[in-house]
Amino acid sequence: MGVDYYNVLDITHSASNDEIKRAYRKLALKYHPERNKESGAPERFTQIAEAYDVLSDGKKKAVFDQFGEEGLKKGVPHGDDHTEAWTHGYTFHGDAFKVFSEFFGGENPFSEWYDRRDGELDMGFGGLHGRGRRQQDSPIERDLYLTLEEIYHGCIKKMKISRRVMNEDGHTSSIRDKILTITVKPGWKSGTKITFAKEGDQGPNTIPADIVFILKDKPHTRFERVQNDLIYTATIQLGEALTGCNVKIQTLDNRELNIPINEIITHGYQKKVLNEGMKMSNPKDSSKLYGDLYIKFNIVFPQSLTPEKKQLIKAALL
């Protein structure tokens, strides 16, 4: 009895083209001589290649299904009853590596680099100068805007992406959605990069790009962030700048600060409030877990003064 190519690929006689491709891919990777060092691996690798060479070709497969290995290799009579028959004897060319290379299209399916003794990096399928070398696509960068409250407390963001994914046959692809989860740690600084390795589009001859999210601060109604510090601008009247005042500030964690200002507020003056800034993501000192709060002042001058008020100011200041 001749060889059953279906048994060689460990599939049924009703296997579809996709099932034939998946079976070859699985077994070819398992028995490739550069990966499998068992004594029988080269022979098995060649048998698998021959089986795929036959079953992946419609005419050869039709002859084999009807006449078996003997009819395929010796040829069958030509006639009206055998219109799909292969009339010439089939002989496998014997180059299992050619079948492997054509199937994977130059892709290195092992994704491994091997160090050779002469120092050259070899992909295992043609080295640096062969078809097996794959280049990784450039990183895909996207800005991730967060509120200061989200950064202060930390949060979880789920980002939906659509990317091209190779199908199981190793040749075709489809668009699929995926959810990437980002755990934002309290105090992360603007510019922090979160990288998802090789989550870009897949292709037969390329390494998927890394997807990189870059943290950005959303503009805030009350605060501006500078590193770990927060800046708050208070609007006060000229009289308050000269005589003192209290500044009320709602914090990022919903507390209310009541900061007394007893100094005369001049142009450029800032009031520093310790430890009321942003949480630190990596504090160097356990006693200093927060940045500081700086209060700047916008002094509003009166549009006009009565003669009496002018006299009072002159008497007080001049």
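Up top is the structure.
These notes cover the structure that comes with them. Predicted, not measured: the structure shown is a model, and the values here were computed from it.

### Re the packing of aromatic side chains
- Considering all chains together, one arrives at eleven aromatic pairs under this definition.
- Measuring from centroid to centroid gives 5.0 Å for Y24 and F103, while their planes differ by 65 degrees, and the two rings are edge-to-face. Here Y24 is found in helix α2 (residues 17-31), whereas its partner F103 is found in helix α5 (residues 96-104), with 79 residues between them in sequence. Like Y24, the residue F103 is buried in the burial classification.

### Brief notes about the layout of surface pockets
- Taken as a whole, the second largest pocket encloses approximately 180 Å³ of empty space.
- In terms of lining residues, the second largest pocket is bounded by L238, G239, L242, F301, P302, L305, I313 and L317.
- Breaking the lining of the second largest pocket down by element, the ones donating at least two residues are α7 (238-243) and α8 (307-317).
- The greatest single-element share of the lining of the second largest pocket, amounting to three residues, is contributed by α7.
- Along the lines of polarity and charge, the residues of the lining of the second largest pocket split into seven nonpolar, one polar and no charged.

### Side note on the sheet that holds strand β10 (residues 223-226)
- One open sheet holds the four strands; their spatial order is β10-β11-β15-β14, and the pairing between them is mixed. Each edge of the sheet is formed by a strand with only one pairing partner; in this case those strands are β10 and β14 (270-273). Across the sheet, the mean angle from the axis of one strand to that of its neighbour is 30 degrees, orientation sign disregarded.
- The pairing of strand β11 (residues 229-237) with strand β15 (residues 293-300) spans eight bridges and is parallel. Residue pairing in the sheet places Y232 in a bridge with I295 of β15.

### Describing the pattern of salt bridges
- Per the stated rule, a full pass over the model turns up 16 salt bridges.
- Across the salt bridge formed by D65 and K61, the nearest N and O atoms sit 3.2 Å from each other. Of the two residues, D65 and K61 are both situated in helix α4 (residues 58-74); the distance of four residues between them amounts to about one turn of the helix.
- Where E263 meets K271, a salt bridge forms, and the shortest distance between an N and an O atom there is 3.8 Å.
- Salt bridges sharing common partners tie together E50, E69 and K73.

Scoring rules and cut-offs
- Residues numbered from 1 in each chain as written.
- Predicted model: local features only at pLDDT ≥ 70, side-chain atom pairs only at ≥ 80, totals over all residues.
- Heavy atoms only, no water.
- Phe/Tyr/Trp six-rings, centres within 6.5 Å; stacked < 30°, edge-to-face > 60°.
- Helix = DSSP H or I, 4+ residues; strand = E, 2+ residues; numbered from the N terminus.
- Buried < 20%, exposed > 50% of the residue type's maximum accessible area, 1.4 Å probe, protein only.
- 1 Å grid on protein atoms, 1.4 Å probe; cavity = no way out; pocket = protein on both sides within 12 Å on 5 of 7 lines; lining within 4 Å.
- Points joined across faces, edges and corners; volume = space filled by probe spheres on them.
- Nonpolar A, V, L, I, M, F, W, Y, C, P; charged D, E, K, R; others polar.
- Pairing = 2+ DSSP bridges.
- Axes fitted to C-alpha atoms, helices over the stretch in contact; angles between N-to-C directions.
- Salt bridge = Lys/Arg side-chain N within 4 Å of Asp/Glu carboxyl O.

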